[in-house]
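# Geometric and topological summary
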Amino acid sequence: MNLSRAVVVSGTAIFSPVLALPRFAGSLALMMILLVTPFCSLPARALIEIDITQGQVEPLPIALPDFSAEGGGTDVAADMTAVIAADLRRSGLFKPLDPAAFIQKNMSVNTTPRFGDWRTIGAQALVSGSVTRQSDGRLRAEFRLWDVFASEQMLGQQFYTTPENWRRLAHIIADAIYERLTGEKGYFDTRIVFVDETGPKDNRVKRLAIMDQDGANVRYLTRGDELVLTPRFSPTSQEITYMSYSGSDPSVYLLNIETGQREIVGNFPGMTFAPRFSPDGQSVVMSLQQGGNANIFKMDLRSRRTTRLTNTAAIDTSPSYSPDGRQIVFESDRGGSQQLYVMGANGGNAQRISFGPGRYSTPVWSPRGDLIAFTKMHQGRFMIGVMKPDGKGERILTEGYHNEGPAWSPNGRVLVFFRDTPGANGGPQVWTVDLTGYNEQRIDSPAFASDPSWSPLID
Amino acid sequence: MVVMDNIARSARLVAAIAVLMFVAACAQTKPDLAGGNVPPGTGQDFVVNVGDRVFFNEDQSTLTTQARATLDKQAQWLNRYGQYTITLEGHADERGTRQYNLALGARRANAARDYLVAQGVAPTRVKTISFGKERPVAVCNNDSCWSQNRRAVTVINNATN
């Protein structure tokens, strides 16, 4: 790679419209430039890298000295560094080192690292950076990722944005570091839609809400005067599909989270629920309740045509497409208890894939296609697990009193789910666990929170 | 007189509780006693003297003997007071997943509906809705509460009370 070539990416390509929130008003322009470094004449080679295919990963020691604040008024420099460090730490793959141990002080993006000093404290990677408030009011953030052992720069990038975007920019930088060191796409510049829960257990108020994946910037999408459940992100647009009790029958709706515009999905005679988008974002698949039975239907969002996909005297629900759109995994009690089945995307030929002890529910296909995550109930315990699409290789990632409703990070590396606690004062909170089953993390939320769903990666 | 007041209030309370317990035990035999202040044919009459809910076993929607007895009484009452429409609300306990419980609640509401219709209640008077596990009435952490939440509740829509 020739680092002397500056690459400018247009702002709209980087920023998705979801960021047209008030805090981002008029600030969508963001430029990224690969930094040309005077220290690096050789092509960067990935001498350090993390193998994240192993069961348990030894986190990589990484030094993240506070970005230097240039040009005055750049109080966000240290905050940005903290957000980057927190992202990397929460992934479980990195161990940000204690700044008190740093020997070389006052690092900026243009400081030549004394690599020996960083090796001494056990750092394998080093990130140096600077944040500058320019005369035009914009923020310029630059960083370099260093391989401490090879004494080489691995990555250098420069961004321009408005000051309100500092937090998002920190996530973008954390994604760049993650991707360079792991070889996989990051997931930090993403959001999670969920259901905010307040009030007593027998009279909960539920609101749709959205937050950054680290729990920051919570914004409410509904007011709480109607019961809302199971929001799911569109893979292609700033829309979510969810279930609401606002009409005469509880039904599946679409909500544009940018404009607030809402519409019902289809005109079904009865309750529709458990919606999910197809991978191309053009259809919603869901359950329709007919008498005592629930069957799975698809609605094409452009033609409005609805197609029945299952036809059984049973509860068929929680459909989820494979990422290639050719198959659908769902749960059904057609065999007597809740189990997982896979069928073609047009219905028919459903094959049971779950055979372990207990009941299986809420299957969701990994965006990588290799695994299906689920809720499993057995002997009063609620677990989150994964299995291959043919049902083999079942692994339980977490278990306890009540874990429910997994959803995948866009890179297929982490599952977000909710964990409920018992009794009158109990309530759900959103947690993540990675594919290894280690590294459980709770995401802070203002109140109880359930039904999380991860946004796609933003290109 | 404060003491007297308290005693009087307590006595009334005890009487009310006794009546309620008695009603719960054998509602149809004592409409006069129980309904002393409950006008017949009202929504309150239905709740107090008939019983507005039936309960289900875990992960089941089959009507128990007790549930059928309650629904028999509901049907009699509804057939007598034909001016009312009803909504059957189906519910599940919290020990299941959200989507499945929505369908399970619907199944329970539907079982109760079918039974009432078979007892002569016009289908056009009956609507069903499921709340899944979203509306528990009891919140403790054992089956004494969960069993109260696994229910189908008959709500009189246009009751004057």
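Everything below is about the structure shown above.
First, a word on scope: everything that follows refers to the structure included in this document. The model shown is predicted, which means the values in this text are computed figures rather than measured ones.

Quick notes on the rules
- Once a new chain begins, its residue numbering starts again from 1 and follows that chain's sequence as written.
- Chains carry letters and ligands carry numbers; both start at the beginning, A for chains and 1 for ligands, and go up in the order they are written.
- The predicted origin of the model limits local features to residues at a pLDDT of at least 70 and limits the giving and counting of side-chain atom pairs to 80 or more, whereas totals for whole chains, interfaces and linings rest on all residues.
- For the side-chain quantities, the full set of heavy atoms in the structure was used; hydrogens and water were omitted.
- Burial classification: accessible surface area is computed with a 1.4 Å probe over protein chains only, and a residue below 20% of its type maximum counts as buried, one above 50% as exposed, and the rest as partly exposed.
- Put simply, DSSP marks the helices as runs of H or I at least four residues long and the strands as runs of E at least two long, and each gets a number from the N terminus on.
- In this analysis, strands are considered paired if DSSP registers two or more bridges between them.
- The contact definition used throughout considers only heavy atoms, calling two residues in contact when any of these lie within 4.5 Å.
- We define a salt bridge as a contact between a side-chain nitrogen of Lys or Arg and a carboxyl oxygen of Asp or Glu at a distance within 4 Å.
- Any N or O atom pair separated by 3.5 Å or less is treated as a polar contact, with the protein-specific requirement of one donor-capable and one acceptor-capable atom, and with residues adjacent in sequence counted only for side-chain atom pairs.
- Residues are grouped as follows: Ala, Val, Leu, Ile, Met, Phe, Trp, Tyr, Cys and Pro are nonpolar; Asp, Glu, Lys and Arg are charged; all remaining types, including Gly, are polar.
- To obtain an axis, a line is fitted to C-alpha atoms, over the contacting stretch when the element is a helix, and the angle between two such axes runs from 0 to 180 degrees between their N-to-C directions.
- Between the rings of Phe, Tyr and Trp (Trp by its six-membered ring), a pair exists once the centres lie within 6.5 Å; its type follows the angle of the planes, with under 30 degrees stacked, over 60 edge-to-face, and the other angles tilted.

### Some words on the pairing of strand S29 (residues 429-434) of chain A
Side-chain direction in a regular strand flips from residue to residue, so the side chains alternate between the two faces of the sheet. All names here are of chain A. Among the 6 residues that make up S29, 6 are buried, leaving the element largely enclosed by the rest of the structure. What you see with S29 is no split at all: Gln429, Trp431 and Val433 on one side and Val430, Thr432 and Asp434 on the other are buried throughout. Pairing between strand S28 (residues 414-419) and S29: 6 bridges, direction antiparallel. Looking across to S29, one finds that Arg419 is bridged to Gln429. Relative to strand S30 (residues 441-442), S29 runs antiparallel, the two being bridged by 2 bridges. Paired with Thr432 across the two strands is Gln441, which belongs to S30. The loop that links S29 with its antiparallel partner S30 comprises 6 residues; one of these, Gly437, has a positive phi angle of about 90 degrees.

### Some details on the interface of chain A and chain B
Taken together, the contact between chain A and chain B spans 44 residues of the former and 26 residues of the latter. Applying the counting rule to chain A against chain B returns 7 salt bridges. Among the ionic pairs, Asp249(A) bridges to Lys127(B), the shortest N-O distance being 3.1 Å. Along the contact surface separating chain A from chain B lie 19 residue pairs in polar contact (both at pLDDT 80 or more). Those elements that provide at least two residues to the side of chain A that touches chain B are strand S11 (228-233), strand S15 (272-277), strand S19 (316-321), strand S23 (359-365), strand S24 (372-378) and strand S31 (448-454) of chain A. Across the side of chain A that touches chain B, the residue classes tally to 17 nonpolar, 15 polar and 12 charged.

### Describing the sheet that holds strand S26 (residues 395-400) of chain A
All names here are of chain A. An order of S23-S24-S25-S26 is seen for the 4 strands of this open sheet, with the pairing classed as antiparallel. Each edge of the open sheet is held by one strand with a lone partner, namely S23 and S26. If you compare each strand with its neighbour and ignore which way they point, the axes differ by 20 degrees on average. The pairing of S24 with strand S25 (residues 381-387) spans 7 bridges and is classified as antiparallel. When the sheet's bridge partners are listed, Ile372 is paired in S25 with Met387.

### Points about unusual backbone geometry
With glycine set apart, most residues show a phi of negative sign, and most peptide bonds adopt trans. Even without being a glycine, Asn439(A) presents a positive backbone phi close to 65 degrees. Owing to a relative accessible area of 22%, Asn439(A) belongs among the partly exposed residues under this scheme.

### What to know about the packing of aromatic side chains
Applying the stated criterion across every chain yields a total of 15 aromatic pairs over all chains. Considering the side-chain rings of Tyr245(A) and Phe131(B), the 5.2 Å spacing of their centres and the 15 degrees angle between planes classify their relative orientation as stacked. In this pair, Tyr245(A) is assigned in the loop between strand S12 (239-244) and strand S13 (251-256) and Phe131(B) in strand S3 (residues 126-132), connecting two distinct chains. Exposure class is identical for Tyr245(A) and Phe131(B). Each is buried.

### Topic: the pattern of salt bridges
By the definition in use, this model includes 33 salt bridges over all chains. Of the charged contacts, one joins Arg359(A) and Asp59(B) as a salt bridge, the two residues approaching to 3.4 Å between their closest N and O atoms. Residue Arg359(A) is located in strand S23, and its partner Asp59(B) is located in the loop between strand S1 (53-55) and helix H4 (65-80); the two belong to separate chains. Given the relative accessible area of 26%, Asp59(B) is considered partly exposed. One salt-bridge network, in which partners are shared between bridges, spans Glu197(A), Arg204(A), Lys206(A), Asp451(A), Arg98(B) and Glu134(B).

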